[in-house]
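# Working through the structure, step by step
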Amino acid sequence: MGFVGDKRDKVKLAALIVVVIGAVAGLVLSWTNSANSSSIDERPDSLYRCTRDECGYEWSMNNHEVRLAKGPSLDPRMDCPECKGVKAATLVKTCPYEDCGKTYLQTGEGVRICPECGQDIGEWYRGHSAK
Ligand SMILES: [Zn+2]
Ligand SMILES: [Zn+2]
């Protein structure tokens, strides 16, 4: 009888060890995963340019910094940190058409036509996302 009891205790102990190791491994795994995902989230920076002639300051911000500065607003304009002009800076976009590729200032919400070549930018994105 004593022998059987011993064996059961050992099985219980082994099961406990497996559970503890599993929990620790899961914790370490989720820890490293969250560290990785925060670095993956680094999307390309947005470029801003002040439209005041005497300033013309340019700077880039990543998406996180843009959210912090603007909140949920879709207004592409920003306060210029150089001349302190309120909403003096606007988002610089690059035309996706290969025969253009020029940069332009997004001065309002949902600008769809490239001011450089006059092509429909919304049309380009529709054509390239429908794969
Ligand atoms: Zn400025
Ligand atoms: Zn263009």
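Look up a bit, the structure's there.
What comes next concerns the included structure. Computed from a predicted structure; not experimentally measured.

## Overview of unusual backbone geometry
Residue lysine 84 is not a glycine yet carries a positive backbone phi of 65°. Looking at where lysine 84 falls in the secondary structure, it is placed in the loop between β3 (77-78) and β4 (89-94).

## Some details on the nonpolar core
Grouped together as the largest cluster of nonpolar side chains are five residues: Tyr48, Cys50, Met78, Cys80 and Ala89. Filtering out sequence-adjacent residues up to four positions away, cysteine 50 remains in contact with Cys55, Gly56, Tyr57, Cys80, Glu82, Cys83, Gly85, Ala88 and Ala89.

## Description of the environment of proline 115
Secondary-structure assignment places proline 115 in the loop between β5 (103-106) and α3 (121-129). For proline 115, a count of 12 C-beta atoms within 10 Å gives the class exposed. Sequence separation of proline 115 and tyrosine 104 is 11 residues, and the distance between their C-alpha atoms is 6.9 Å.

## Here we look at the environment of arginine 112
With respect to the helices, strands and loops of the structure, arginine 112 is situated in the loop between β5 and α3. Classification of arginine 112 as exposed rests on a count of 11 C-beta atoms within 10 Å. The sequence separation of arginine 112 and glycine 122 amounts to 10 residues, and the corresponding C-alpha distance is 5.6 Å. Apart from residues lying up to four places away in sequence, arginine 112 is in contact with Asp120, Ile121 and Gly122.

What counts, and where the lines are drawn
Residues numbered from 1 in each chain as written. Chains lettered and ligands numbered in written order. Predicted model: local features only at pLDDT ≥ 70, side-chain atom pairs only at ≥ 80, totals over all residues. Helix = DSSP H or I, 4+ residues; strand = E, 2+ residues; numbered from the N terminus. Core = buried A, V, L, I, M, F, W, Y, C linked by C-beta atoms within 7 Å. Buried ≥ 20, exposed ≤ 12 C-beta atoms within 10 Å, placed from the backbone. Contact = placed C-beta atoms within 7 Å.

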